[in-house]
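# Examination of the molecular architecture
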Amino acid sequence: MTADRNFRKSPLSDLRDRLATLSGAITVTEVPFLAQINVRAAALPAPAPRDSEVLALGPDEFLVVGPPGSEDRLTEACHGPEVSLVDVSAQRTALDLSGPGVRELLAFGCSIDLHPRVFAVGDCAQTVLAHTPVVLQRRETGFRVLVRSSFAAHLAAWILDVSPELTAGH
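So, here's what we can say about the structure.

Conventions adopted
Within any chain, residue numbers begin from 1 and follow the written order of that chain's sequence. Owing to the predicted nature of the model, reporting of local features is limited to residues with pLDDT of at least 70; listing and counting of side-chain atom pairs is limited to 80 or more, with chain, interface and lining totals taken over all residues. Each side-chain value is worked out from all heavy atoms of the structure, with water and hydrogens disregarded. In this description, a nonpolar core means a group of buried Ala, Val, Leu, Ile, Met, Phe, Trp, Tyr and Cys residues linked to one another through side-chain atoms lying within 4.5 Å. Burial classes follow relative accessibility: with a 1.4 Å probe on protein chains only, a residue under 20% of its type's maximum area counts as buried, one over 50% as exposed, and anything between as partly exposed. Note on pairing: two strands pair once DSSP finds at least 2 bridges between them. Helix and strand assignments come from DSSP, with helices taken as H or I runs of at least 4 residues and strands as E runs of at least 2, each series counted from the N terminus. Between N-to-C directions, angles span 0 to 180 degrees; the directions come from axes that are lines fitted to C-alpha atoms, helices contributing only their stretch in contact. Put simply, two rings from Phe, Tyr or Trp (the six-membered ring, in Trp's case) pair if the centres are within 6.5 Å, and we call them stacked under 30 degrees between planes, edge-to-face over 60, tilted for the rest. Remark: a charge is flagged as sitting over a ring if the NZ atom of Lys or the CZ atom of Arg is within 6 Å of the ring centre and within 35 degrees of the ring normal.

Before going further, it helps to examine the nonpolar core. Among the nonpolar cores identified, the biggest contains 30 residues, and Leu97, Leu106, Val145, Leu155 and Ile159 are the most heavily contacted of them. If you look at the next biggest cluster of nonpolar residues, it comprises 10 residues, including Leu34, Leu57, Leu63 and Val135.

The antiparallel open sheet is built from 5 strands, whose spatial order is β1-β6-β9-β8-β7. The strands lining the two open edges of the sheet, one partner per strand, are β1 (27-31) and β7 (124-129). Adjacent strand axes in the sheet meet at a mean angle of 30°, parallel and antiparallel pairs treated alike. Relative to strand β6 (residues 92-98), β1 runs antiparallel, the two sharing 5 bridges. Of the residues in β6, the one forming a bridge with threonine 27 is serine 98.

Turning our attention to the packing of aromatic side chains. By the definition in use, this model includes 2 aromatic pairs. Ring centres 6.4 Å apart and planes at 20° place the aromatic pair phenylalanine 108 and tryptophan 158 in the stacked group. Here tryptophan 158 lies in helix α4 (residues 149-167) and phenylalanine 108 lies in helix α3 (residues 102-109), a separation of 50 residues in the sequence. For phenylalanine 108, a relative accessible area of 51% puts it in the exposed group. When the centroid spacing of 6.3 Å and the interplanar angle of 15° are considered together, the rings of phenylalanine 119 and phenylalanine 143 count as stacked. Linking phenylalanine 119 in the loop between α3 and β7 with phenylalanine 143 in strand β9 (residues 142-148), this pair joins segments that are 24 residues apart in sequence. The exposure class assigned to phenylalanine 119 is buried, which follows from its relative accessible area of 6%. When the ring centre of phenylalanine 143 is taken as reference, the NZ or CZ atom of arginine 138 above it lies at 4.8 Å.

Okay, structure coming up:
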């Protein structure tokens, strides 16, 4: 690919301004173009780089997520015998959600229990949010939702539609 990465358009670039206008009860920020390497192995062959996160998607499946442009470095770090690596960076965009109303918003569209005693910081799950397949990760500051780029506008529209109802009480 010879296209300059600086000219890429994020899946939610057209909705960025609308998402920024949500009330203080819910903050939504798109984090586009993250490096994402799908790893299939019994265990990671080496620790992931410091600036990356490892999400356990299944017994032998991991998603290593790092800053934009770090795909080669992540692939090299995770390489090993009997390991399958696939760069899925272009497949998903990320939404960081935070604020006092975020758990209520997610619970409205997702059936898993998101209480901190059950879904702790660092936990992740492949689930459905607003009829959209996502990877949901609990973070110190809230939640990260990894959503396929082709579903991102649908999910953002759902957030914009539902959030005013939920933020009225906050």
